[in-house]
Amino acid sequence: MTYSGVVKVGGPADVHELTDLMISKVAVGPMDNNAYLLRCRATGEQILIDAAAEPATLLRLIGDDSVTAVVTTHRHGDHWGALAEVVAATGARTYAGRHDTEGIPVPTDVPVDDGDTVRVGHVELTARHLVGHTPGSIVLVYDDPHGHPHVFTGDCLFPGGVGNTHDDPAAFTSLLDGVEEKLFGPLPDEAWVYPGHGRDTTLGAERPHLSAWRSRGW
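If you're wondering where the values come from, they're calculated on a predicted model, not measured in any experiment.

Counting secondary structure elements, the chain contains 5 helices and 15 strands. For the chain, the spread of C-alpha atoms along the principal axes amounts to about 50 × 35 × 30 Å. Within the chain, the proportion of its 218 residues that are buried is 52%. Of all intrachain contacts in the chain linking residues separated by at least 6 positions in sequence, the fraction that spans at least 24 positions is 51%. Only carbon and sulfur atoms are counted for the fraction: they give 52% of the accessible area of the chain, which is about 9300 Å². Of the charged side chains in the chain, 15 are positive and 30 negative; the average position of the first set lies 1 Å away from that of the second.

To continue, consider the packing of helix 1 (residues 55-62) against helix 2 (residues 83-90). Between helix 1 and helix 2, the least distance of the axes is 9 Å, while the angle of their chain directions is 40 degrees. Taken together, the axes of helix 1 and helix 2 lie oblique to each other. Crossing of helix 1 against helix 2: the hand is right-handed. Here Pro55, Leu58, Leu59 and Ile62 of helix 1 lie close against helix 2, whose contacting residues are Glu85, Val86, Ala89 and Thr90. Looking at the contact of helix 1 with helix 2 residue by residue, the class counts come to 6 nonpolar, 1 polar and 1 charged.

The set of residues buried in helix 3 (residues 169-184) consists of Ala171, Phe172, Leu175, Leu176, Gly178, Val179, Lys182, Leu183 and Phe184. Taken down its axis, helix 3 places every buried residue within 160 degrees of arc, on the same side. Facing away from the buried side of helix 3, by more than 90 degrees, are the exposed residues Pro169, Ala170 and Glu181. For helix 3, the side-chain oxygen to backbone nitrogen distance between the N-cap and Ala170 is 3.0 Å, and the N-cap itself is Asp168.

This next bit is on the packing of aromatic side chains. A full pass over the atoms with the stated rule returns 5 aromatic pairs. Ring geometry for Tyr3 versus Tyr194: centroids 6.3 Å apart, planes at 45 degrees, classification tilted. One end of the pair, Tyr3, is in the segment before strand 1 (14-17); the other, Tyr194, is in strand 14 (residues 192-195), and 191 residues separate them in sequence. Summarising the burial analysis for this pair, Tyr3 and Tyr194 share the class buried.

A few words on the pattern of salt bridges. Pairing is possible between side chains that carry opposite charge, provided their charged atoms lie close to one another. Following the criterion strictly, the structure yields 12 salt bridges and no others. Linking Arg41 and Glu17 is a salt bridge whose minimum nitrogen-to-oxygen distance equals 3.6 Å. Here Glu17 lies in strand 1 and Arg41 lies in the loop between strand 3 (33-40) and strand 4 (46-49), a separation of 24 residues in the sequence. For Arg41, a relative accessible area of 40% puts it in the partly exposed group. Between Arg214 and Glu180 there is a salt bridge; the shortest N-O distance is 2.8 Å. Separated by 34 residues along the polypeptide, Arg214 in helix 5 (residues 210-216) and Glu180 in helix 3 bring together distant segments of the chain. Where salt bridges share partners, they join Arg75, Asp100 and Glu102 into one cluster.

In this section: unusual backbone geometry. Even without being glycine, Asp32 reaches a positive phi, approximately 55 degrees. Asp32 gets classed as partly exposed once you look at its relative accessible area, which sits at 34%. Residue Asp50 is not a glycine yet carries a positive backbone phi of 70 degrees. Among the residues examined, Asp50 registers a relative accessible area of 2% and is labelled buried.

Here we take up the environment of His16. If you trace the backbone, His16 turns up in strand 1. For the pair formed by His16 and Gly5, sequence separation is 11 residues and the distance between their alpha carbons is 8.1 Å. Ignoring any residue separated from it by four or fewer positions in sequence, one finds His16 in contact with Tyr3, Leu21, Met22, Ile23, His150, Trp192 and Tyr194. Here Tyr194 takes part through its side chain, which lies 2.8 Å from a polar atom of the side chain of His16.

Quick notes on the rules
- Residues numbered from 1 in each chain as written.
- Predicted model: local features only at pLDDT ≥ 70, side-chain atom pairs only at ≥ 80, totals over all residues.
- Heavy atoms only, no water.
- Helix = DSSP H or I, 4+ residues; strand = E, 2+ residues; numbered from the N terminus.
- Buried < 20%, exposed > 50% of the residue type's maximum accessible area, 1.4 Å probe, protein only.
- Contact = heavy atoms within 4.5 Å.
- Areas by Shrake-Rupley, 256 points an atom, 1.4 Å probe, with all protein chains shown as cover.
- Lys, Arg positive; Asp, Glu negative; His and termini not counted.
- Charge placed at Lys NZ, Arg CZ, Asp CG, Glu CD.
- Axes fitted to C-alpha atoms, helices over the stretch in contact; angles between N-to-C directions.
- Parallel < 35°, antiparallel > 145°, perpendicular 65-115°, else oblique.
- Left-handed = near helix turned anticlockwise from the far one by under 90°.
- Nonpolar A, V, L, I, M, F, W, Y, C, P; charged D, E, K, R; others polar.
- Arc of directions from axis to C-beta.
- Polar contact = N/O pair within 3.5 Å; in protein donor to acceptor, adjacent residues only side chain to side chain.
- Phe/Tyr/Trp six-rings, centres within 6.5 Å; stacked < 30°, edge-to-face > 60°.
- Salt bridge = Lys/Arg side-chain N within 4 Å of Asp/Glu carboxyl O.

Here it is, written out as structure tokens:
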């Protein structure tokens, strides 16, 4: 079946099958968070992005092959609500942006900086640090050698705008500047965006609206 990226809490995962990577998206919890299971097709190794909520749901998604790592995109509690239970069940190493680690109650094994690499089997993802939604939010970019990039944006970029900066003009400017410099600048329109909540989008769908976002201030 064709991947749509449309999922709902209590419903099945949607699976995006790439040449080297399988991406399973599931919605969990009262804030309709997205969690993403990434599986290297060559090795079977798996990592989870955002153990947000519903540990039983996430552990069923993970299955018997377990996960080697759980990456938390940022410090907000709706993105790590199931982290302790998933780590206890799997023994996975924990990754998070260096400047958000103190806000995550589960210890971070690997603090992540801008440009660092996160591996799942033979697949490499590049972390980009964005400041504004939180001090240490990270985005993961998979530059698929067989196609277009795939970008896991947490709460930094959604269809229709950047993440919530709580009416702080400096935080908004920082986040939008970072998104433009580190995502829209180097990546093509075809780059697929997997946000922390809701539906997916592409950079091409959002690019024409950047100036309008800046003008409105959110």
